[in-house]
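Coordinate inspection notes
Chain by chain, the residues:
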Amino acid sequence: MLKPRWYKVINDLFGNKTRTVLIVLSMAVGLFAIGIILSARSILSEGLTQSFASIAPSSGTVRTAEPFDEDFLESVRSMDAVQQADARRSITARVEVRPGEWKNITIFVFADYDDIRVNKVASQDGAWPPPEREILIERAALSVIDAQVGNIILVKFPNDTQREMRIAGAAYDPAQLPAQLDGTPYGYITFDTLEWFGEDYGFNELHVIATNPEDKDWAQQVVNRVKDKAEKSGYTIPLSMTAEPGQLPMDDVLQGILLLMGFLGVLSLFLSIFLVVNTVSALLAQQKRQIGVMKAVGGSTVQILGMYLVMVISYGVLALLVAIPLGMQGARALSQTLAVYFNFDLLSMDIPVSAILLQIVIGLVLPVLASLLPFITSLRISAAEAMSTYTMGKGRFGKNWIDRLLSGSNLWFARKASIRSILLSVRNTFRNKSRLALTLITLTLGSATFISVFNVRASLTSTVNDMIQWFNCDAILTFDRPYRSEKVQQEALTVPGITDTDIWLQFSARRVRPDKSESGMMYMFAPTIGDSSLIRSPAIAEGRWLLPDDDNAVVVPSALFQDEPDLKVGKEIVLKVYGKEHSFKIVGTYVGTAFGTIIYSNYSYVAKVTDRVGEADALMVRTQAQDAASVKAESNALEEHLERTGVGVSTVSTLQNERAEAEVIFDAIVSLLLVMAVLLALVGGLGLMGTMSINVLERTREIGVLRAIGAPNRGVAQVFILEGIAIGLLSWLMGSLLAIPMSHGLNQALGGAMMGVSLTYSYSMPGLWLWLVIVIFLSALASFIPARNASRLTVREVLAYE
Amino acid sequence: MNSSTVNSKPSDPEPLIDLHHVVKVYKGLAGSVTALNGIDLKVFQGEFLVVTGKSGSGKTTLVNIITGLDRSTSGDIWVAGTPLHRLGPEKASRLRGKMMGVVFQSFELLPTLTVLQNVILPMDFAQRYSLREQRQRALYLLEQVDIVEHAKKLPAALSGGQQQRLAIARAMANDPAILVADEPTGSLDSATAKAVIDIFEDLAQQGRTVLMVTHDKDIAKRGSRMITLLDGEIVHTEKEEGSHA
């Protein structure tokens, strides 16, 4: 037989189901958010790492200008520092996605699809290996070229050979940047098919795994040794790069997402704490009289405290029963969504035990800790005061400046307008200031987060705009080799719709450090400065942009200083270009992503020191039309014309495409933020509902008096609904101000993770107004049910209420 | 039972409840209110003391101070030789659980516990009886107040009179020496009120000390001694023989 005190706990838990559901939901939402974030973080961190490791990721890649064969591959494999090596042919071709519309496609050729040893590619669907004269497409790229397995596509190689090929299957190649983010599809064929395209046999890419692949410096040395070996063997190396150990492609985006999730997890935790404190305070307010009775019949503080701690823990257990399974499902769904986004198969979706345990600790311990203060405060009240017959107030309203501000002659206009019920609601809002503060904190944090999400989204858009606004052109074409700049520009201007042109040089470079070690591959872009209006200064993070009379000045991405911490603006940087070292001075940094290090310098100087005066590697054009479809059509026409004149075009990019691709990358982050914002808004709304329920219960006698003096049901309900809306509006106001520093912090964190510099700050007015509408709706809804219940009680019932 | 059979002469010369110059001041927005203004009072074992007075005279405050439900501003309160004024809320609670049973005008029953559980609750807190003994004693007490057949019901299912009987049974749970009742018949009709007062008289006759607050003059006459409060002071004392103190 249980002791009666525990029967009271059980009966209180299950006797008032509405209150129990409200409290459990309030706790469960916060725990659910924490569970999703903790578990998804763990699954993604570990699962993606495991998945990536399973493909035998390369330590680095060396590309040769001339094809090599298996003999050279074997010689690389036999190097002591090389644990494993593999070779493939990599070709940038074009695929027709729609009639007249071509897209770049990277095609890989393997000698033996069943023996890929580094950066493994696997079958996803359909045929394996690709049959002769057919092609496999990377699974994430099918949507990029708007095709399915079984479709026929037209592929054009750089030697102008065009073939129709059937998509025989889909491949899974997680070592590549996800096609839907990068915009570049990937295809896989055999050497027989390559021969059908008129290309010679041979590899041009070496992928190596160093003997100690976790050591990046060592890996870089190994890649450099392989590059040196290739050069000594007579091969030209246009590209070599060292990978970050264990880092999958788009790792910085992933880190940005994980960072955000961590931040939101902490925020959820804080909100949960406030919600629990608020809820427990409200619960104790309801139970005050009964606490007094228990004291009167001999209950000690410890005994009574024990009862309510067990009750709070019980609420925590019930909340965990809801939150843990839902959190597990949510974490798996979120992880799977992000894995698809990064084009990875998660080998394991196991929820880490540590995440569950932490949830349990948070679900049980935190409510107890958060409840201690309201417990102790309420138990300190004497039994007599606790049991004193409820009156319409303790006569404290009017004591402080807030109360005085809301009453008396300050509100002279109330004599002229019929707003008594509004005044009553506004004053009621401030009657229990501590409860109001707790509710406001919860709602304000939710408001600030919601508005900040929109601010971050606007900031991302501003950042993308800043990143591409310096290209004052509509399309960029890169060539398969250098051409005379004068020729390509003249030919371009003969194409209808092309109004202006400019050119640049681009090539790979490596930084040579003071200790003579070399960095990974970077790219140098050398546009003409000042002569053309087609390139403007990018968003400069530090220093300045290039000037027309600059000689050896360079502007580097802000993210470079993370990898090369000894560099700074004003310092010298030695770059090896075409095998020769050149000294440059860093005059500025620009806001750029870490997707490849691009260094800008003046065309006139760079062309001179590299003996490439009068050459062009890429062409920028401005078109007459500005709509996306027309720009694309005119770009395609330009490409066709240049091809006819013997200029080989490798890639064609419109600025709209570039913007869209950049935004796709950020969309995942924004989507995640929105989901979390909705959750937090829900937490805030539940908190408000709890507060309003208790407010109604506490003022039941007051409601009776209102009804007794003639207030209609609607009038009674209106008082409470307006009170709820008043709280919501206050939270909106405070949240809109708190969102300013919160957005700055998020911009700094996200931008720092992805680009080494904060995002360009932007405050979203649409987000602000949208939240206003939502919070008014939420507040009204949260108040409606308690208000409606209050208005339905009879006068006799409420005046007899004890 | 009537007053003539009550032996008003204390069997124990030491008072069971002894108040020396007890003052209670409430501070509020409108200023300070002195609810008790230097009360001196002795209550002896076996007495049936009735406290009367108009609203606001300090009756409930006096009872709350005596039972330890509230603390005095100054003055000494001795209960069964224990200085209640020096005890903290915890020890006062424990003393109250063992020595006193309190009955309230509005019954103050716990709505989510059954009739039987409400009676057992004080025993649960005091931990003087085993679980089995608690249940047996509770059933016995409910029999004494004639509501044992409602043991499994919730308080809301009982009439006002039955609820007050339940409250009395609860107050007797730990066999207290002192029974304190604050307006116990305030919410009852006259017939039920009479029945309740009969119970108090029986308890007094059994040797318990009963302290009852009422503004009903007829009920007040049932006690062995009556004191009248006015503005926080005892202005009149009347013993059952009719002589004034």
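Each chain has its residues counted from 1, running along the sequence as written. Note on labels: chains are lettered from A, ligands numbered from 1, in written order. pLDDT decides what is reported in this predicted model: residues at 70 or higher carry local features, side-chain atom pairs at 80 or more are listed and counted, and totals for whole chains, interfaces and linings draw on all residues regardless. The side-chain values count all of the structure's non-hydrogen atoms but skip hydrogen atoms and water molecules.

So, on to a positive patch on the surface. Residues and elements named next belong to chain B. Think of a patch as exposed residues, more than 30% relative accessible area, with no salt bridge, where like charges cluster within 9 Å and nonpolar side chains (Val, Leu, Ile, Met, Phe, Trp, Tyr) cluster within 5 Å. Note on areas: Shrake-Rupley with a 1.4 Å probe; residue coverage comes only from the protein chains shown. We define a salt bridge as a side-chain nitrogen of Lys or Arg found within 4 Å of a carboxyl oxygen belonging to Asp or Glu. In this count, Lys and Arg are taken as positive residues and Asp and Glu as negative ones, while His and the chain termini are left out. Charge placement uses NZ in Lys and CZ in Arg. For Asp and Glu, CG and CD serve respectively. Together, Lys91, Arg94, Lys98 and Arg128 give the surface a local cluster of positive charge. Tracing the chain through its elements places Arg94 in helix α2 (residues 89-99). We call a residue buried when its accessible area falls under 20% of the maximum for its residue type, exposed when it is over 50%, and partly exposed in between, using a 1.4 Å probe and counting protein chains only. For Arg94, a relative accessible area of 44% puts it in the partly exposed group. Under the scheme used here, helices are H or I runs from DSSP no shorter than 4 residues and strands are E runs no shorter than 2 residues, and both carry numbers assigned from the N terminus.

This part is about the interface of chain B and chain A. Contact between two residues is taken to exist if any of their heavy atoms lie within 4.5 Å; hydrogens are not considered. With 26 residues of chain B at the contact, the number on the chain A side is 31 residues. A simple way to read buried area is as the amount of 1.4 Å-probe accessible surface that goes missing from two parts once joined, with both sides added. At the boundary of chain B with chain A, total buried surface from both sides reaches about 2600 Å², with 61% on carbon and sulfur atoms. Here chain B is connected to chain A by 2 salt bridges. We call two N or O atoms a polar contact when they sit within 3.5 Å, provided that within protein one can donate a hydrogen and the other can accept it, with sequence-adjacent residues counted only if both atoms are side-chain atoms. Inspection of the region where chain B meets chain A yields 12 residue pairs in polar contact (both at pLDDT 80 or more). Contributing elements (two or more residues each) for the side of chain B that touches chain A: α2, α3 (115-126) and α4 (131-144) of chain B. Here the side of chain B that touches chain A gets 6 residues from one element, more than from any other, and that element is α3(B). In this classification, the charged set is Asp, Glu, Lys and Arg, the nonpolar set is Ala, Val, Leu, Ile, Met, Phe, Trp, Tyr, Cys and Pro, and all remaining amino acids, among them Gly, are polar. Across the side of chain B that touches chain A, the residue classes break down as 12 nonpolar, 7 polar and 7 charged.

All names here are of chain A. In contact at an axis separation of 9 Å, helix α2 (residues 17-54) and helix α7 (residues 251-296) are set at 160° when each is read in the N-to-C sense. Considering their axes alone, α2 and α7 lie roughly antiparallel with respect to each other. Crossing hand, α2 versus α7: left-handed. Think of each axis as a best-fit line through the C-alpha atoms, taken over the contacting stretch in the case of a helix, with angles from 0 to 180 degrees between the N-to-C directions. Roughly parallel means an angle under 35 degrees; roughly antiparallel, over 145; roughly perpendicular, 65 to 115; everything else is oblique. Each crossing is labelled by how the near helix is turned from the far one, with a counterclockwise turn of less than a right angle marking it left-handed and a clockwise turn marking it right-handed.

Let us look at empty space enclosed by the protein. One simple way to see leftover space: roll a probe sized like a water molecule over the atoms. Using a grid of 1 Å spacing that covers the protein atoms alone, one calls a set of points a cavity when a 1.4 Å probe fits there but cannot get out, and a pocket when the set is open and has protein on both sides within 12 Å along at least five of seven lines; lining residues are those with an atom within 4 Å of a point. Grid points are joined across faces, edges and corners, and a volume is the space filled by probe spheres set on the points. Throughout the structure, instances matching the rule amount to 2 cavities of 30 Å³ or more. Each pocket or cavity is described by its volume, and for the largest cavity that value is around 100 Å³. Forming the walls of the largest cavity are 14 residues, and the residues nearest its centre are Val297(A), Met100(B), Gly101(B), Arg170(B) and Ala171(B). When residues of the lining of the largest cavity are traced back to their parent elements, those giving at least two are α2, β6 (100-103) and α5 (160-171) of chain B. No other element matches the 3 residues that β6(B) contributes to the lining of the largest cavity.

As a further point, take α5(B). How far a helix is expected to stretch is found by multiplying one less than its residue total by 1.5 Å. With 12 residues, α5(B) ought to run about 16 Å at 1.5 Å a step, and its terminal C-alpha atoms sit 16 Å apart, in line with that. The element α5(B) is largely enclosed, with a buried count of 9 among its 12 residues. Listed in full, the buried residues belonging to α5(B) are Gly161(B), Gln163(B), Gln164(B), Leu166(B), Ala167(B), Ile168(B), Ala169(B), Arg170(B) and Ala171(B). Tucked into the core, α5(B) has its buried residues touching α7 of chain A together with β6, α3, α4, β7 (178-182) and α6 (190-205) of chain B.

What follows covers the side chain of Thr209(B). Residues and elements named next belong to chain B. In this structure, Thr209 sits in strand β8 (residues 209-213). Residue Thr209 is classed as buried on the basis of its relative accessible area of 0%. Polar side-chain contacts of Thr209 include one of 3.0 Å to the backbone nitrogen of Gly46.

All names here are of chain B. For Val115, the location among the structural elements is in helix α3. In this structure, the C-alpha to C-alpha distance between Val115 and Leu166, residues 51 residues apart in sequence, is 7.0 Å. Apart from residues no more than four positions distant in its own chain, Val115 is found in contact with Leu142, Ile147, His150, Ala151, Lys153, Leu158 and Leu166.

Another aspect to go through is a negative patch on the surface. On the surface, Glu132(A), Asp192(A), Glu195(A) and Asp200(A) cluster together to form a negatively charged patch. Mapped onto the secondary structure, Glu132(A) falls in the loop between β4 (122-126) and β5 (134-138).

Turning our eyes to something else, we now look at the pairing of β8(B). All names here are of chain B. Of all 5 residues that make up β8, 5 are buried, and the element is covered over most of its length. Alternating positions in β8 separate into two faces, Thr209, Leu211 and Val213 on one and Val210 and Met212 on the other, with burial throughout. In this analysis, strands are considered paired if DSSP registers two or more bridges between them. Pairing of strand β3 (residues 48-53) with β8 involves 4 bridges; the strand directions are parallel. The residue bridging Phe48 from the neighbouring strand is Val210, located in β8. Handedness of a crossover is defined as follows: orient the strands so they point away from the viewer, and if the path from the first strand over the helix to the second runs clockwise, the crossover is right-handed. Taking the sense of rotation as the criterion, the β-α-β connection linking β7, α6 and β8 turns out right-handed.

Our next topic: the environment of Met79(A). Residue and element names in this part refer to chain A. For Met79, the position within the fold is in the loop between α3 (70-77) and β2 (82-98). When its relative accessible area of 16% is taken as the criterion, Met79 is described as buried. Remark: the alpha-carbon pair of Met79 and Thr236, spanning 157 residues in sequence, is separated by 20 Å. Sequence-distant contacts of Met79, that is, excluding residues within four places in its chain, are made with Arg225, Val226 and Lys229.

As a further point, take the side chain of Asp18(B). Residue and element names in this part refer to chain B. Along the chain, Asp18 falls in strand β1 (residues 17-28). Relative accessible area serves as the criterion here: at 12%, Asp18 is assigned to the buried category. In this structure the side chain of Asp18 is engaged in a polar contact, spanning 3.4 Å, whose partner is the side chain of His20. Of the polar contacts made by the side chain of Asp18, one reaches the side chain of Lys42; its length is 3.3 Å. The contacts of Asp18, once residues within four sequence positions are left out, are Leu41, Lys42, Asp76, Ile77 and Trp78.

Below, the discussion takes up a nonpolar patch on the surface. Residues Leu2(A), Ile10(A) and Phe14(A) make up a contiguous nonpolar surface patch of roughly 250 Å² in combined accessible area. By secondary structure assignment, the location of Leu2(A) is in the segment before α1 (4-15).

This paragraph deals with the packing of aromatic side chains. Residues and elements named next belong to chain A. What counts as a ring pair is set by centres within 6.5 Å for rings of Phe, Tyr and Trp (its six-membered ring), and what kind of pair is set by the plane angle: stacked under 30 degrees, edge-to-face over 60, tilted for all other angles. Evaluated as defined, the whole model comprises 26 aromatic pairs over all chains. Seen from their ring centres, Phe68 and Phe72 are 5.4 Å apart, and the 70° between their planes marks the pair as edge-to-face. A relative accessible area of 2% places Phe68 in the buried class. Ring centres 5.9 Å apart and planes at 85° place the aromatic pair Phe525 and Tyr600 in the edge-to-face group. Taken together, the positions of Phe525 in strand β13 (residues 518-527) and Tyr600 in strand β18 (residues 598-601) put the pair 75 residues apart, joining distant regions of the chain.

What follows is about the pattern of salt bridges. Here the structure, examined in full by the defined rule, presents 29 salt bridges over all chains. The salt bridge involving Arg484(A) is made with Glu486(A); its shortest N-O contact spans 3.4 Å. The class for Glu486(A) is partly exposed, based on a relative accessible area of 46%. Taking the shortest distance from any N to any O, the salt bridge between Glu201(B) and Arg222(B) comes out at 3.1 Å. Of this pair, Glu201(B) sits in helix α6 while Arg222(B) sits in the loop between α7 (217-220) and β9 (225-230), and the two are 21 residues apart along the sequence. A residue is classified by how much of its surface remains accessible, and Glu201(B), at 1% relative accessible area, is buried.

Residue and element names in this part refer to chain B. With mixed pairing, the 6 strands of this open sheet are ordered in space as β6-β7-β8-β3-β9-β10. The strands lining the two open edges of the sheet, one partner per strand, are β6 and β10 (233-239). The mean angle between the axes of side-by-side strands here comes to 15°, regardless of whether they run parallel or antiparallel. The strands that α5 touches are β6 and β7; relative to β6, the one it contacts most, it runs at about 165°.

Take the sheet that holds strand β4 (residues 74-79) of chain B next. Residue and element names in this part refer to chain B. Across the sheet, which stays open at both edges, the 4 strands sit in the order β2-β1-β4-β5 with antiparallel pairing between neighbours. Each having just a single partner strand, β2 (31-43) and β5 (82-83) make up the two edges of the open sheet. Relative to β5, β4 runs antiparallel, the two being bridged by 2 bridges. Looking at β5, one finds that Val79 is bridged to Thr82.

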